[in-house]
Amino acid sequence: MNEMPLWEIFIRSQHGLAHKHVGSLHASDAEMAINNARDVYTRRNEGVSIWAVRSTDIVASAPGDKGPLFEPANSKAYRHPTFYDIPDEVGHM
Amino acid sequence: MTANDPTVEFLLRLGDNCLILGHRLSEWVGHAPVLEEDLGLANVSLDLLGQAQNWLGLAGDIQGGDRDADWFAYRRDAGEFRNALLVEQPNGDFARTMVRQLYFDLWHVMLLEGLEQAPDERIAGIAAKAYKEARYHLERSRDWVIRLGDGTEESHRRTQEAVDELWIFTGELFESDEIEAALADQGVIVGSGRIAAVWKERLAGILAEATLTFPQENWMRRGGRRGIHSEHLGYLLAEMQFLQRAYPDARW
């Protein structure tokens, strides 16, 4: 059973607005991945929806590119909307 | 324990099936082939133990006196258990555990579907909750039997062996006796004879998809409901009841 592919599991919680990565597991196909995710990650009522994605289908940035990718944003404080008052009615941003 | 009220007797059958199968599945914990399956089996086991607690608790309420679910679970000997022989059969390999589960789940789902309509609200309520759990159990056991049957040469062989060897314990599930007949007359339950045909039809579909051969009609072993069990139940109870037997009423 060790050759079963790896899946990344995302769960949307009761009040959560988006699916959140919770971990990974092995399963032979999509249906088994959902069932296993249900058994492994929703035992304590954690979720109302599950996404499963084959780990090999995830494209990740390379750790070595951290500098060029992220450092340019460090010095641009004006991009943070901290200078505005947000009205309460707007709710979640 | 003789001359139980028919409803109590029926509830003991329901509760004991869940209790004994739940215990059997718990034996896999820490031993399952992969972590995902370890948790999956534990979840099914816990669902069944919860159902056992509900059915046996209700049996105690109806019977009156001081008997509760724990009393029924820990203070009876094998001859007083009313579970079907199927659920006390040893786990064997993973294929055997899954085939046993499929035989049981297919029957269990149909039984609970009928009990949801029971005029007694307490029975209908427990059945409604258990039905949702059993539907998921069936999805799992069905999927596994199909995967294993239609898998490798070895998994196919092991699954077919389990299908054939456990077959003789299935007839008992659909056996009707005076207790069930009395309850069916009172409208408490749907007679289990009626679900046998649908059970076989659904099973045939699953086995065909799994490329497995439907077992040959055979002599069926019976007796669990009358307390005549296979030797396996005694060993199971010895482990399950050890604490209560060695240290009666122990608390921590």
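What counts, and at which threshold
- By convention here, each chain's residues receive numbers from 1 onward along its written sequence.
- Working convention: letters from A go to chains and numbers from 1 go to ligands, in the order in which they are written.
- The predicted origin of the model limits local features to residues at a pLDDT of at least 70 and limits the giving and counting of side-chain atom pairs to 80 or more, whereas totals for whole chains, interfaces and linings rest on all residues.
- Values reported for side chains reflect all heavy atoms of the structure, with hydrogen atoms and water molecules removed beforehand.
- The convention used is that axes are lines fitted to C-alpha atoms, helices contributing only their stretch in contact, and that angles between N-to-C directions extend from 0 to 180 degrees.
- A run of H or I in DSSP counts as a helix once it spans at least four residues, and a run of E counts as a strand once it spans at least two, with each numbered from the N terminus.
- Relative orientations are named as follows: roughly parallel for angles under 35 degrees, roughly antiparallel for angles over 145 degrees, roughly perpendicular for angles from 65 to 115 degrees, and oblique for any other angle.
- The criterion used for residue contact is that any of the two residues' heavy atoms lie within 4.5 Å.
- The residue classification treats Ala, Val, Leu, Ile, Met, Phe, Trp, Tyr, Cys and Pro as nonpolar and Asp, Glu, Lys and Arg as charged. All others, Gly included, are polar.
- By this definition, two strands are paired if DSSP reports at least two bridges between them.
- Buried area is a sum: the accessible area each of two parts loses on coming together, probed at 1.4 Å, counted once for each and added.
- Think of a salt bridge as a Lys or Arg side-chain nitrogen and an Asp or Glu carboxyl oxygen that are within 4 Å of each other.
- N or O atoms closer than or at 3.5 Å make up a polar contact, with two conditions inside protein: a donor-capable atom paired with an acceptor-capable one, and, for residues adjacent in sequence, both atoms drawn from side chains.
- The length a helix should cover is 1.5 Å for every residue beyond the first.
- In this scheme, the bend at a residue equals the angle between the axes fitted to the seven residues that finish there and the seven that begin there.

Residues and elements named next belong to chain B. Interaxial distance between helix H1 (residues 6-26) and helix H10 (residues 232-240) falls to 11 Å at its minimum, and their mutual angle equals 75°. Compared by their axis directions, H1 and H10 come out roughly perpendicular. Within the contact between the two elements, H1 uses Leu-19, Ile-20, His-23 and Arg-24 and H10 uses His-232, Leu-233, Leu-236, Leu-237, Glu-239 and Met-240. Of the residues in the contact of H1 with H10, the class split is six nonpolar, two polar and two charged.

Residues and elements named next belong to chain A. As summarised here, the arrangement of the three strands in space is E2-E1-E3, forming an open sheet in which the pairing is antiparallel. Edge positions in the open sheet fall to strand E2 (20-26) and strand E3 (49-54), since each of these has one partner strand only. Taken pair by pair, the neighbouring strands of this sheet meet at an average axis angle of 30°, ignoring direction. The strands that helix H1 (residues 30-41) touches are strand E1 (6-12), E2 and E3; relative to E2, the one it contacts most, it runs at about 115°.

Attention shifts here to the interface of chain A and chain B. The interface is formed by 14 residues belonging to chain A together with 15 residues belonging to chain B. Buried area between chain A and chain B, summed over both chains or domains, comes out near 1,300 Å², and the portion from carbon and sulfur atoms is 49%. On inspection of chain A and its partner chain B, the count reaches two salt bridges. Across the pair B:Arg140 and A:Asp39 runs a salt bridge, and its minimum N-O distance is 3.5 Å. Taken together, the links from chain A to chain B amount to eight residue pairs in polar contact (both at pLDDT 80 or more). Looking at the side of chain A that touches chain B, the elements with two or more residues in it are E2 and H1 of chain A. With seven residues, the top contributor of residues to the side of chain A that touches chain B is H1(A). Tallied by class, the residues present in the side of chain A that touches chain B amount to five nonpolar, four polar and five charged.

Our next topic: the side chain of B:Ser155. For B:Ser155, the position within the fold is in helix H7 (residues 153-166). A distance of 2.6 Å separates a polar atom in the side chain of B:Ser155 from the backbone oxygen of B:Leu148.

Next up on the list: helix H6 (residues 121-149) of chain B. Residues and elements named next belong to chain B. For H6, with 29 residues, the first-to-last C-alpha span of 41 Å sits near the 42 Å given by 1.5 Å per residue. Of all bends in H6, the biggest is about 25°, found at Tyr-131. The backbone nitrogen of Arg-122 lies 2.8 Å from a side-chain oxygen of the residue at the head of H6, namely Asp-120.

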